[in-house]
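# Structural overview
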Amino acid sequence: MNTFVVAVSMVTMAVFSNAAPGHHHMGTTGASMMDIVEIASGDPRFSTLVTAVAAADLVDTLKGAGPFTVFAPTNDAFANIPEDDLSDLLANKEQLTKVLLRHVVPGKIQACDIPQGKTEVETADGEKVTITREGNNISVESASVVIPDIMASNGVIHVIDAVI
């Protein structure tokens, strides 16, 4: 199964359905921002990811101080996984945890921090993934970053279009 993880820090997803385009920053102080889990939980596009994080008992981890970089797949990304395979994954806590942690990089990596070309980073589970930047296009393994830099109090979220 392909899984995606790119950037630094653990999980930061601050995209709101009603946020104005280009206004992903939640403020200038960490105290005024929501954490990665709160951001993801508040956005219906991430309901499958939120369910998976809960099933893997990673909520407290991703609510931690971090910082974390989270490559967050949308519901549409999870929908590309055959239904039976997704059900099996959600039922297998060990495998689910491994897949989810592949999407988390310790540290805070914003899009502007990613150099041109290919960069290998280590994910929260110790696996290495490749982040590629070509101009303004960024990808992690086979997943494209469709919304970068959703800032959270404990890191940053990059929305991706596939599960890596």
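Refer to the structure presented above.
Worth saying up front: this structure is predicted, and the values here are computed from it rather than measured.

We now examine the packing of helix α5 (residues 83–91) against helix α6 (residues 93–101). Two elements in contact, α5 and α6, have axes whose closest approach is 5 Å; the angle formed by their N-to-C orientations is 100°. Considered as vectors, α5 and α6 are oriented roughly perpendicular to each other. Across from L89, L90 and A91 in α5, the residues of α6 making contact are K93, Q95, L96 and V99. Its residues assigned to classes, the contact of α5 with α6 comprises five nonpolar, one polar and one charged.

L49, V70, L100 and I157 are the most contacted members of the largest nonpolar core, which totals 30 residues. Among the elements of the structure, α1 (36–41), α2 (47–55), β1 (68–73), α4 (75–79), α5, α6, β6 (143–152) and β7 (155–160) are those that each provide at least two residues to this core.

Turning next to the pairing of β7. Among the six residues that make up β7, six are buried, leaving the element largely enclosed by the rest of the structure. The two faces of β7 match: G155, I157 and V159 on one face and V156, H158 and I160 on the other face are all buried. Taken together, the five bridges between β6 and β7 define a ladder with antiparallel strand orientation. Across the sheet, the residue bridging to M151 is V156, located in β7. What sits between the antiparallel neighbours β6 and β7 is a turn of two residues.

In most cases, non-glycine residues show a negative phi, while peptide bonds are predominantly trans. Residues G66 and P67 are joined by a peptide bond in cis, for which omega reads 5°. Relative to the assigned elements, P67 resides in the loop between α3 (59–62) and β1. Here the phi dihedral of D57 falls at roughly 55°; this positive angle occurs in a residue that is not glycine. Checked against the element boundaries, D57 lands in the loop between α2 and α3. Exposure remark for D57: the relative accessible area of 51% places this residue in the exposed category. Residue E141 is not a glycine yet carries a positive backbone phi of 50°. With respect to the secondary-structure elements, E141 resides in the loop between β5 (137–140) and β6.

Take the pattern of salt bridges next. Under the definition given, this model contains nine salt bridges. Where K98 meets D125, a salt bridge forms, and the shortest distance between an N and an O atom there is 3.6 Å. In this pair, K98 sits in helix α6 while D125 sits in the loop between β3 (117–122) and β4 (128–134), placing the two residues 27 residues apart along the sequence. The class for D125 is partly exposed, based on a relative accessible area of 27%. A salt bridge links E141 to R102; the shortest N-O distance between them is 3.9 Å. With E141 in the loop between β5 and β6 and R102 in the loop between α6 and β2 (104–106), this residue pair connects regions lying 39 residues apart in the sequence.

Parameters and conventions
Throughout, residues of each chain are indexed from 1 in the direction in which the sequence is written. For a predicted model such as this one, the threshold for reporting local features is a pLDDT of at least 70, and the threshold for listing and counting side-chain atom pairs is 80 or more; totals across whole chains, interfaces and linings nevertheless cover every residue. For side-chain calculations, the full set of non-hydrogen atoms in the structure is used, while hydrogens and water are omitted. Interaxial angle, 0 to 180 degrees, is taken between N-to-C directions of lines fitted to C-alpha atoms, where a helix line uses only the stretch in contact. Helix and strand assignments follow DSSP, with helices taken as H or I runs no shorter than four residues and strands as E runs no shorter than two, numbered in order from the N terminus. Note that the term roughly parallel is reserved for angles under 35 degrees, roughly antiparallel for angles over 145, roughly perpendicular for angles of 65 to 115, and oblique for everything else. Here a residue-residue contact requires only that any non-hydrogen atoms of the pair lie within 4.5 Å. Gly falls in the polar group here, along with every residue not listed as nonpolar (Ala, Val, Leu, Ile, Met, Phe, Trp, Tyr, Cys, Pro) or charged (Asp, Glu, Lys, Arg). Remark: nonpolar core denotes a set of buried residues (Ala, Val, Leu, Ile, Met, Phe, Trp, Tyr, Cys) joined through side-chain atoms within 4.5 Å. Type-normalised accessible area, obtained with a 1.4 Å probe on protein chains alone, sets the label of each residue: buried when under 20%, exposed when over 50%, and partly exposed for intermediate values. Being paired, for any two strands, means DSSP has found at least two bridges between them. Salt bridges are identified by distance alone: a Lys or Arg side-chain nitrogen within 4 Å of an Asp or Glu carboxyl oxygen.

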